[in-house]
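Chain and residue survey
Spelled out, the chains give:
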Amino acid sequence: LKGKVWVADFIFTRCPDACWNMTQTLVGMQDLLHHHDDLRFVSFSIDPAFDTPPVLTRYGKLAKVTSAHWWFLTGPMTEITRVAHSFLLATLTPDDDILSHSTEFALVDRDGVIRGYYDLDVPSDIPEMRQAIEKLTR
């Protein structure tokens, strides 16, 4: 991702609503911004025990992800927790077996600096994120 502009979110495929809506929001961005070759989308699963690579692949196909520049990532829970905390977008509480995460997207610039957070639940945030992406990918 070094040298690329990217949008990160934290999801899990068994999520009943917010995660699917977040993914569909990024599908819309993918469709609108497909001409930006240096734009990437990265969805981190916060449920690595269930969200194996084949599960994430099926989820991406179901969501109509068409970009080769979008990755659904999983890994050891310790690493997912570290990444989630560094973005301040997810709280993992394995003691209660509860998966909790923000409905925000993080926009990261070519230098790996988070340039903004955009909340799915704030209607004005999504057009603002698109404008910020356009600005960063010029």
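Here we summarise the structure given alongside this text. Worth saying up front: this structure is predicted, and the values here are computed from it rather than measured.

Thresholds applied
Residues numbered from 1 in each chain as written. Predicted model: local features only at pLDDT ≥ 70, side-chain atom pairs only at ≥ 80, totals over all residues. Heavy atoms only, no water. Axes fitted to C-alpha atoms, helices over the stretch in contact; angles between N-to-C directions. Helix = DSSP H or I, 4+ residues; strand = E, 2+ residues; numbered from the N terminus. Left-handed = near helix turned anticlockwise from the far one by under 90°. Contact = heavy atoms within 4.5 Å. Nonpolar A, V, L, I, M, F, W, Y, C, P; charged D, E, K, R; others polar.

1. Observations concerning the packing of helix 1 (residues 18-32) against helix 4 (residues 125-136)
Contact geometry for helix 1 and helix 4: axes closest at 12 Å, N-to-C directions at 40 degrees. Relative to helix 4, helix 1 is oriented so that their crossing is right-handed. Every residue of helix 4 that contacts helix 1 at Thr-25, Leu-26, Met-29 and Leu-32 is listed here: Ile-126, Met-129, Arg-130 and Ile-133. Looking at the contact of helix 1 with helix 4 residue by residue, the class counts come to six nonpolar, one polar and one charged.

2. A word on the environment of Ala-18
Checked against the element boundaries, Ala-18 lands in helix 1. Sequence spacing of Ala-18 and Thr-57 is 39 residues, and the spatial spacing of their C-alpha atoms is 19 Å. Aside from chain neighbours lying at most four places away, what touches Ala-18 is Thr-103 and Leu-120.

All we've got here are geometric facts, nothing functional implied.
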